[in-house]
Amino acid sequence: MWTSISAIPIKITTFSNALDDLFCSLALLSVFVSTFGKPTDNVRIIGQESYADAARTLKNAGLYLCTTLETFGIGTLEAMAAGIPCVSTWINGVPELIRDGIDGLLVPPGNDVALARALARLMDDAELRRSLAENGRRRIREQFHLSTNAAFLAGIFKTLAID
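Residues numbered from 1 in each chain as written. Predicted model: local features only at pLDDT ≥ 70, side-chain atom pairs only at ≥ 80, totals over all residues. Heavy atoms only, no water.

*Asks:* Which parts of the structure should I look at to understand the sheet that holds strand 3 (residues 64-66)?
*Replies:* Spatially, the 3 strands line up as an open sheet ordered 3-4-5, and their pairing is parallel. Both outer strands of the open sheet, strand 3 and strand 5 (105-107), are each paired with one neighbouring strand and no more. Looking at each pair of strands side by side, their axes are set apart by 15° on average, direction ignored. In terms of strand pairing, strand 3 meets strand 4 (residues 86-89) through 3 bridges, oriented parallel. For Leu-65, the partnering residue across the bridge sits in strand 4 and is Val-87. (Pairing = 2+ DSSP bridges. Helix = DSSP H or I, 4+ residues; strand = E, 2+ residues; numbered from the N terminus. Axes fitted to C-alpha atoms, helices over the stretch in contact; angles between N-to-C directions.)

See below:
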């Protein structure tokens with residue numbers, strides 16, 4: 001296992017006005033406390049951030065964790081595109097982004113033990129973090145890039161066009 005959780009800088013934040021995100025930040029803090037104990041000086045609970053501040057936080061992140069009930073997972077997509085290893089839940093559209101163990105790690109929603117194990121696995125394995133980050137970035141570039149999706153949607157609209 002990891003040598004010391006207190007050696008890892010941790011930020012708990014949200015960048016949306018959604019009440020859901022507040023609950024998710026509190027839930028994440030709860031998972032942290034129940035797994036690792038009382039937060040130490042390395043843990044900062046930021047609360048709501050502007051999108052610009054959140055982008056800076058994301059750019060400097062070593063790991064992205066999403067436990068929200070997002071329909072698609074835009075935050076996860078952005079983290080993957082930035083080359084950040086991701087942990088998320090098997091919910092809604094997230095499994096369309098993350099192939100478990102290839103592009104990121106997926107855990108069942110509400111399963112704190114599986115979440116803690118996934119986090120510990122990533123903290124302990126630098127090669128896994130590197131591989132997930134690289135594969136995630138490649139997947140987003142190849143499968144979810146704007147030009148790829150625009151061409152795909154144009155083809156669908158073309159077949160649906162009524163003369």
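*Asks:* Please explain the packing of helix 3 (residues 74-81) against helix 6 (residues 126-143) as it appears in this structure.
*Replies:* When two helices pack together, their arrangement is given by the angle between the helix axes and the distance between those axes. Taken N-terminus to C-terminus, the directions of helix 3 and helix 6 make an angle of 110°; their axes are 7 Å apart at the nearest point. With respect to each other, helix 3 and helix 6 are oriented roughly perpendicular. At the point where helix 3 passes helix 6, the crossing takes the left-handed sense. Residues Leu-77, Met-80 and Ala-81 of helix 3 touch helix 6, and the partners they reach there are Ala-133, Gly-136, Arg-137 and Ile-140. Broken down by class, the residue content of the contact of helix 3 with helix 6 amounts to 5 nonpolar, 1 polar and 1 charged. (Parallel < 35°, antiparallel > 145°, perpendicular 65-115°, else oblique. Left-handed = near helix turned anticlockwise from the far one by under 90°. Contact = heavy atoms within 4.5 Å. Nonpolar A, V, L, I, M, F, W, Y, C, P; charged D, E, K, R; others polar.)

*Asks:* Where do I start with unusual backbone geometry in this structure?
*Replies:* The backbone of Asn-92 shows a phi angle near 50°, a positive value even though the residue is not glycine. Summarising the element assignment, Asn-92 is placed in the loop between strand 4 and helix 4 (94-97). You can call Asn-92 partly exposed: its relative accessible area is 47%. (Buried < 20%, exposed > 50% of the residue type's maximum accessible area, 1.4 Å probe, protein only.)

*Asks:* Help me understand the side chain of Asp-103, please; the structure alone is not making it clear to me.
*Replies:* Its location among the elements puts Asp-103 in the loop between helix 4 and strand 5. In this structure the side chain of Asp-103 is engaged in a polar contact, spanning 2.6 Å, whose partner is the side chain of Arg-99. Among residues more than four places away in sequence, those in contact with Asp-103 are Met-80, Leu-97, Ile-98, Leu-132, Asn-135, Gly-136 and Arg-139. (Polar contact = N/O pair within 3.5 Å; in protein donor to acceptor, adjacent residues only side chain to side chain.)

*Asks:* Can you help me understand the pattern of salt bridges in this one?
*Replies:* Opposite charge on two side chains allows them to pair when their charged atoms are near. Evaluation of the coordinates by the stated rule reveals 5 salt bridges. Here Arg-139 makes a salt bridge to Asp-103, at a shortest N to O gap of 3.6 Å. Of this pair, Arg-139 sits in helix 6 while Asp-103 sits in the loop between helix 4 and strand 5, placing them 36 residues apart in sequence. Accessibility assignment for this pair places Arg-139 and Asp-103 in one class, buried. Among the salt bridges present, the one from Arg-138 reaches Glu-134, with a minimum N-O distance of 3.1 Å. Placement of both Arg-138 and Glu-134 in helix 6 is noted, with a separation of 4 residues, approximately one turn of the helix. The structure contains a network of salt bridges with shared partners spanning Glu-127, Arg-130, Glu-134 and Arg-138. (Salt bridge = Lys/Arg side-chain N within 4 Å of Asp/Glu carboxyl O.)

*Asks:* Looking at this structure, how should I read the environment of Gly-136?
*Replies:* Among the secondary structure elements, Gly-136 is positioned in helix 6. Among the residues examined, Gly-136 registers a relative accessible area of 1% and is labelled buried. Distance from Gly-136 to Gly-104, taken between C-alpha atoms, is 6.8 Å for residues 32 residues apart in sequence.

*Asks:* Mind showing me how you'd approach a nonpolar patch on the surface here?
*Replies:* The grouping of Phe-152, Leu-153, Ile-156, Phe-157 and Leu-160 at the surface amounts to a nonpolar patch, some 520 Å² of accessible area in total. Mapped onto the elements, Phe-152 comes out in helix 7 (residues 146-160). Residue classification places Phe-152 among the exposed positions, given a relative accessible area of 52%. (Patch = residues over 30% accessible without salt bridge, like charges linked within 9 Å, V, L, I, M, F, W, Y side chains within 5 Å. Areas by Shrake-Rupley, 256 points an atom, 1.4 Å probe, with all protein chains shown as cover.)

*Asks:* How should I be thinking about the packing of helix 5 (residues 112-124) against helix 6 in this particular structure?
*Replies:* Between helix 5 and helix 6, whose axes approach to 5 Å, the crossing angle comes to 100°. Here helix 5 lies roughly perpendicular to helix 6, going by the angle between them. Across the interface between the two elements, Arg-121, Leu-122, Met-123 and Asp-124 of helix 5 pack against Ala-126, Leu-128, Arg-129 and Leu-132 of helix 6. Partitioned by chemical class, the residues of the contact of helix 5 with helix 6 number 5 nonpolar, no polar and 3 charged.

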